[in-house]
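Geometric and topological summary
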Amino acid sequence: MPAMSSAPTHPQADRDSRHAALALGVALPTDTVLYLLLPMYADSFGVTLAQAGMLLAANRLVRIAGYGWVARFYARRGDRPTCTLAVLASVVCALGYATLSGFWLLLPLRLLWGLSFAALNLATQALATAEAAGAARRSGRSRAFIAMGPVLALPLGALLAQWAGPRAIFVVLAVVALAGLMVVRQLPFNRHPAVATARRRMKRPNSLDAWSFMEGFTLDGLFVIGLSFLGKDLLPGSAVVVAGVLLALRYLAEIVLSPVGGRMAERWGAEQLLVSLSLLTCIALLGFGAGWLWSCAAVIVVLRALQLPLLAPIVAHRHPGPERVQALAARSVWRDIGAGTGPLAAGLLLPVLPSVWIYGTAALLLALAALACGRDAGRLSVQRG
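Residues numbered from 1 in each chain as written. Predicted model: local features only at pLDDT ≥ 70, side-chain atom pairs only at ≥ 80, totals over all residues. Heavy atoms only, no water.

A few points about the overall build of the protein
If you tally the helices and strands in the protein, you get 16 helices and 0 strands. Residues counted as buried form 58% of the 385 residues belonging to the protein. Considering only contacts in the protein between residues 6 or more positions apart, those separated by 24 or more positions represent 86%. Of the roughly 15,500 Å² that the protein leaves accessible, carbon and sulfur atoms contribute 68%. (Helix = DSSP H or I, 4+ residues; strand = E, 2+ residues; numbered from the N terminus. Buried < 20%, exposed > 50% of the residue type's maximum accessible area, 1.4 Å probe, protein only. Contact = heavy atoms within 4.5 Å. Areas by Shrake-Rupley, 256 points an atom, 1.4 Å probe, with all protein chains shown as cover.)

Here you go:
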């Protein structure tokens, strides 16, 4: 097995980060298109709305238990073998979504995709922050490359669903995901033994954990499911196209704005920017729940894109050295806990409670978590000063 390489130079770090992001970018549409179509076409997949929420949550929930195993596998095998297996798994999932029906047949696919995404996501973050200089910039560019696949797949999936039903698009996505094998061949075999040997212990969640949880719960859970569920009532017949275009714009915003967010973080500080953008997101979430669905959704899309590149450099700043990759995995676990419970909460609460209560409560909790992050960042600066 190849030995672990030395610390990458700027061009090498940029190249490795780009290739990992492109691999995730071609695999990710198998998941994002399912988020669009499953709540609207639950009957076509042989599930209820509540079961659809459980399926959309399952890939997140399995990562809560599986991220440690994925991190150790990534540590032993390296970037290229891990990402190759993950891309192949995404192809299997896409073919399964195209052909299988019923909760118990779809559930294993969601669990498989959860572990696959964990591997690809960990690789993109680890390679983007492999060199401290320019980490925020690389994180922003990485998010832009990842978003390219969903930008094209979501509107195509919406249109194809109206014309041929919700299954055909997943055959196309399986073929697209195969292209990721050519990309992962360019990745290094870098191993990360510090991840494999790091001592595992339970820790009390800190403010960054709480923010990661609420960010996942609101923006990757409640918001996405609410967009499909509430949009179906407002625009019957064309809701799938409108929702698909808006979700595609979410990823288009990542392409355009995530690099901007990375540059803003390097200029003004990632912690300060995270607090400000999170508070603005809370206002937009409240408006979304109050009925300004499409306009506030557009604002949330923009703010989310600016926030995405912030977490990795914050974690790398707070956890320099060998524990960096393990800390990145831990933050991803908390986001997955939130993003896994978000669809469950949406599937159970949206049919029975006013949306303004649901999104107002979520906005308040996200604001409190963001303010706590700002407080802790100030304390850390004082201690290091």
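So, next bit.
What to know about the packing of helix α3 (residues 49-77) against helix α4 (residues 79-99)
Contact geometry of α3 with α4 gives a least axis separation of 7 Å together with a crossing angle of 130°. If you check the angle between α3 and α4, you find them oblique. On the side of α3, the interface is formed by Phe73, Tyr74 and Arg77, while α4 contributes Asp79, Pro81, Thr82 and Leu85. Across the contact of α3 with α4, the residue classes break down as 4 nonpolar, 1 polar and 2 charged. (Axes fitted to C-alpha atoms, helices over the stretch in contact; angles between N-to-C directions. Parallel < 35°, antiparallel > 145°, perpendicular 65-115°, else oblique. Nonpolar A, V, L, I, M, F, W, Y, C, P; charged D, E, K, R; others polar.)

A closer look at the packing of aromatic side chains
Tallying each qualifying case throughout the model produces 8 aromatic pairs. Summarising the aromatic geometry, the rings of tryptophan 113 and phenylalanine 117 are spaced 6.0 Å apart at their centres and angled 50° between planes, so their arrangement reads as tilted. On the criterion of helical spacing, the pair formed by tryptophan 113 and phenylalanine 117 is a turn pair, its members being 4 residues apart in helix α5 (residues 103-128). When sorted by exposure, tryptophan 113 lands in the same class as phenylalanine 117, which is buried. (Phe/Tyr/Trp six-rings, centres within 6.5 Å; stacked < 30°, edge-to-face > 60°.)

Considerations on the environment of proline 29
Locating proline 29 in the fold gives a position in helix α2 (residues 29-40). Proline 29 sits in the buried class, given a relative accessible area of 3%. Measuring from C-alpha to C-alpha, the distance between proline 29 and alanine 177 comes to 8.4 Å, with 148 residues separating the pair along the chain. In contact with proline 29, other than residues within four places in its own chain, are Gly149, Pro150, Ala153 and Leu173.

Comments concerning the nonpolar core
Counting 118 residues, the largest nonpolar core has Val47, Phe170 and Phe288 as its most contacted members. Broken down by element, the residue count for this core peaks at 13 residues, all from α5. Filtering out sequence-adjacent residues up to four positions away, phenylalanine 170 remains in contact with Thr30, Val33, Leu34, Leu37, Phe45, Ala94, Tyr97 and Ala98. (Core = buried A, V, L, I, M, F, W, Y, C linked by side-chain atoms within 4.5 Å.)

Details of the confidence of the model for the protein
Counting all residues, the mean pLDDT for the protein is 82, and 87% of those residues have values of 70 or more. Contacts for the low-pLDDT stretch residues 195-200, under 50 throughout, to residues beyond four places or in other chains number 9 contacts. (pLDDT = per-residue confidence, 0-100.)

Side note on helix α12 (residues 270-290)
Over its 21 residues, α12 extends 30 Å from the first C-alpha to the last, a length consistent with the 30 Å expected when each residue adds 1.5 Å. Glycine 291 sits one or two residues past α12 and shows a positive phi near 125°. (Expected span 1.5 Å × (residues − 1).)

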